[in-house]
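Coordinates in review
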Amino acid sequence: MDSLIRDFKAAFAGMKGDQLAETLRPDVQLNSTKLLSIYGEGNIEDAEADLRYFLDTDPSRPRLSREEANGWYEIYLAYWCALGEILAVEGLRDAKSSWKRVYEAWKNLTQQVIRGYTNYEFENWTIPCLYVAGKYLRLFAMRADEERKNNIEESAEDVMQDDFDPEKEENKMLQDCTSHLTRIFQTCLNDRAPLEESRKWGIYYAINLLFKSYFKLNSATLSKNVLRAIQAGRGDMPTLDKFPKSQQVTFKYYEGVLSFLEENYEDAERHLTMAWQMCHKDAKRNLEMILTYLIPCHLLTTNTLPSSRLLAPFPRLQQLFLPLGAAIKKGDLHAFDTALRKGEDEFIKRRIYLTLERGRDIALRNLLRKVFIAGGFEEAKDGGPPVRRTRIPVAEFTAAIKISSGGEEIDTDEVECLLANMIYKNLMKGYIAHGPGIVVLSKTGPFPGTGI
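Definitions and cut-offs
- Residues numbered from 1 in each chain as written.
- Predicted model: local features only at pLDDT ≥ 70, side-chain atom pairs only at ≥ 80, totals over all residues.
- Heavy atoms only, no water.
- Salt bridge = Lys/Arg side-chain N within 4 Å of Asp/Glu carboxyl O.
- Buried < 20%, exposed > 50% of the residue type's maximum accessible area, 1.4 Å probe, protein only.
- pLDDT = per-residue confidence, 0-100.
- Helix = DSSP H or I, 4+ residues; strand = E, 2+ residues; numbered from the N terminus.
- Contact = heavy atoms within 4.5 Å.
- Pairing = 2+ DSSP bridges.
- Axes fitted to C-alpha atoms, helices over the stretch in contact; angles between N-to-C directions.
- Parallel < 35°, antiparallel > 145°, perpendicular 65-115°, else oblique.
- Nonpolar A, V, L, I, M, F, W, Y, C, P; charged D, E, K, R; others polar.
- 1 Å grid on protein atoms, 1.4 Å probe; cavity = no way out; pocket = protein on both sides within 12 Å on 5 of 7 lines; lining within 4 Å.
- Points joined across faces, edges and corners; volume = space filled by probe spheres on them.
- Patch = residues over 30% accessible without salt bridge, like charges linked within 9 Å, V, L, I, M, F, W, Y side chains within 5 Å.
- Areas by Shrake-Rupley, 256 points an atom, 1.4 Å probe, with all protein chains shown as cover.
- Lys, Arg positive; Asp, Glu negative; His and termini not counted.
- Charge placed at Lys NZ, Arg CZ, Asp CG, Glu CD.

Section: the pattern of salt bridges
- Counted under the stated rule, the structure contains 20 salt bridges.
- When the shortest N-O distance is used, the salt bridge between Lys281 and Asp282 registers 3.5 Å.
- On the accessibility criterion, Lys281 (60% relative accessible area) is exposed.
- Given the relative accessible area of 52%, Asp282 is considered exposed.

Looking at the confidence of the model for the chain
- Across the chain, the average pLDDT comes to 87, with 94% of residues at 70 or higher.
- Per-element confidence in the chain ranges from a low mean pLDDT of 54 for helix H8 (residues 152–158) to a high of 94 for helix H14 (residues 265–278).
- Contacts of residues 159–165 to residues separated by more than four positions or lying in other chains number three contacts, the stretch itself having pLDDT below 50.

A look at the environment of Ala420
- Tracing the sequence through the fold places Ala420 in helix H23 (residues 412–424).
- A relative accessible area of 37% means that Ala420 is categorised as partly exposed.
- Along the backbone, Ala420 and Gly430 are 10 residues apart, and their C-alpha atoms lie at a distance of 9.2 Å.

Let's talk about the pairing of strand E2 (residues 430–433)
- Relative to strand E3 (residues 438–441), E2 runs antiparallel, the two being bridged by four bridges. Of the residues in E3, the one forming a bridge with Ile432 is Val439.
- Between E2 and E3, which pair antiparallel in sequence order, lie four residues; one of them, Gly437, sits at a positive phi of approximately 70°.

Brief notes about the sheet that holds E2
- Pairing is antiparallel in the open sheet, where three strands are placed in the order E1-E3-E2. Two strands bound the open sheet, and with one partner strand each, they are strand E1 (391–393) and E2. With strand direction ignored, the average angle separating the axes of adjacent strands in the sheet is 25°.
- Of the strands in this sheet, E1 and E3 are in contact with helix H22 (residues 394–404), which crosses E1 at around 55°.
- Lying on the sheet, H23 is in contact with E2 and E3; it crosses E2 at an angle near 155°.

A few points about the packing of H22 against H23
- Taken N-terminus to C-terminus, the directions of H22 and H23 make an angle of 95°; their axes are 10 Å apart at the nearest point. The angle between H22 and H23 places the two elements in the roughly perpendicular class. Contact residues: Val394, Phe397, Thr398 and Ile401 in H22; Thr412, Val415, Glu416, Leu418 and Leu419 in H23.
- Partitioned by chemical class, the residues of the contact of H22 with H23 number six nonpolar, two polar and one charged.

A closer look at the layout of surface pockets
- Considering only enclosed or pocket space, the largest pocket measures out at about 790 Å³ in volume.
- Lining the largest pocket are 26 residues, with Tyr253, Tyr254, Arg285, Met289 and Tyr293 positioned closest to its centre.
- The set of elements that each furnish at least two residues to the lining of the largest pocket consists of helix H11 (203–216), helix H13 (245–261), helix H15 (284–301) and helix H19 (344–349).
- Element by element, the count of residues in the lining of the largest pocket is highest for H15, at seven residues.
- Tallied by class, the residues present in the lining of the largest pocket amount to 10 nonpolar, six polar and 10 charged.
- Quantified by volume, the second largest pocket comes out at close to 310 Å³.
- In terms of lining, the second largest pocket is formed by 12 residues, of which the most central are Asp145, Lys149, Glu170, Asn171 and Lys216.
- Among the secondary structure elements, those contributing two or more residues to the lining of the second largest pocket are helix H7 (128–150) and helix H9 (166–170).
- Of all the elements, H7 adds the most residues to the lining of the second largest pocket, at four residues.

Concerning the side chain of Ser259
- As for its position among the elements, Ser259 is in helix H13.
- Each residue touching Ser259, except ones within four places of it in the same chain, is listed here: Asn264, Asp267, Ala268 and His271.

Thoughts on a negative patch on the surface
- A cluster of like negative charges, contributed by Asp2, Glu41, Glu45, Asp46 and Asp50, occupies part of the molecular surface.
- Sort the elements by how many residues they give to the negative patch and helix H4 (residues 44–57) lands first, with three residues.
- The residue Glu41 is located in the loop between helix H3 (28–39) and H4 in this model.

Some details on empty space enclosed by the protein
- Under the defined criterion, the tally for this structure stands at three cavities of 30 Å³ or more.
- Space inside the largest cavity adds up to approximately 70 Å³.
- Forming the boundary of the largest cavity are Ile295, Leu299, Leu305, Pro306, Phe321, Leu324, Gly325, Ile328, Phe336 and Leu356.
- Of all elements in the fold, only H15 and helix H17 (315–330) reach the threshold of two or more residues within the lining of the largest cavity.
- If one sorts the elements of the lining of the largest cavity by residue count, H17 sits on top with four residues.
- In terms of residue class, the lining of the largest cavity is made up of nine nonpolar, one polar and no charged.
- Counted as a void, the second largest cavity has a volume near 50 Å³.
- Surrounding the second largest cavity, Leu4, Ile5, Phe8, Leu51, Phe54, Leu55 and Tyr76 form its lining.

See the structure below:
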């Protein structure tokens with residue numbers, strides 16, 4: 001406990017929020033010796049006595065009001081209790097525990113931290129403590145849910161009843177966690193103190209924790225409520241650029257993905273591009289996550305595909321996107337369908353299947369463009385330069401689509417429907433003359449965006 005008290009004193013003396021938050025970080029992998037020292041012999045009466053002496057009697061204690069001192073006492077006592085469960089479940093002390101018990105103990109700590117701001121008026125420089133409490137609450141919730149999932153057969157026998165819903169139970173702890181993360185968010189959002197003294201300096205930390213939790217629960221739409229709340233209060237909030245780059249990147253990533261899921265691809269591309277540009281070059285996993293959505297956005301908004309050089313550092317993305325990209329460039333419909341089918345499970349998991357499916361229109365556009373180019377030039381008139389043939393029989397497009405689809409039969413009516421759809425989507429300029437069975441293409445830019 002002495003090292004904890006010493007670190008607490010140093011953080012308060014310098015009013016260093018990040019340093020104070022480190023005193024609550026339960027990272028066993030990095031600080032097992034220190035955490036074991038803090039927990040000591042496991043006697044709660046000794047822990048209570050040490051904390052009471054330090055916060056109430058010690059001449060070198062920080063200058064705190066009685067209420068504030070009581071708040072920190074409750075926090076560090078809850079922290080000590082949580083440490084006992086964490087050390088036990090990690091096998092570092094001779095006792096039995098579970099991740100569920102760790103989660104419940106850390107939840108008590110989180111509630112005490114929140115109470116410190118709502119009841120005891122903790123100063124805003126201590127806000128990083130809220131983030132650390134929320135961050136590990138989420139991590140412990142997921143560990144508890146995973147533990148429960150691993151024991152699902154045994155658990156199912158205990159809860160066999162008509163209203164048992166295994167899907168709902170699967171993320172029970174994380175669902176509970178989101179209610180406490182929401183309280184952290186509201187604690188920051190609803191502060192009415194002047195901005196320089198406000199808890200709103202913790203707002204984006206809380207938002208990003210909520211985003212991660214909602215997406216893990218497949219409840220991404222709930223994130224829109226968070227965005228609406230900050231839009232309503234944006235006038236008296238710190239701007240996003242005042243926060244660390246890591247928080248900016250996370251927020252822009254999720255904001256982009258939310259726009260993507262709403263099929264607002266231009267906004268999605270803008271947010272994701274900002275996240276890509278700000279993301280650290282060595283954060284390969286984060287860069288890969290951003291590209292997963294940015295590539296389909298570019299495909300639909302600019303009809304462009306990623307280069308092999310861009311995907312070189314990301315083998316998984318190469319496996320997913322390069323076959324699709326090659327098929328689109330060649331206008332090979334069969335190869336496109338095969339690549340989409342092969343990666344279907346992963347595309348659905350990443351929520352990009354339906355968007356990538358639209359890439360078939362680009363592949364078809366490139367195929368029709370090849371037919372147009374293969375048609376050659378019409379005879380020059382009056383000594384003028386030759387112009388490309390713009391009156392193309394539907395039968396030629398039908399033959400090309402049949403070959404590109406692997407020999408699959410397709411009738412003329414279906415081909416005309418595909419051509420009409422391409423014209424409607426402005427991927428091809430012209431009109432269909434149904435009677436003579438020809439397509440009359442525009443003489444100026446019949447395939448917009450392709451240079452022809």
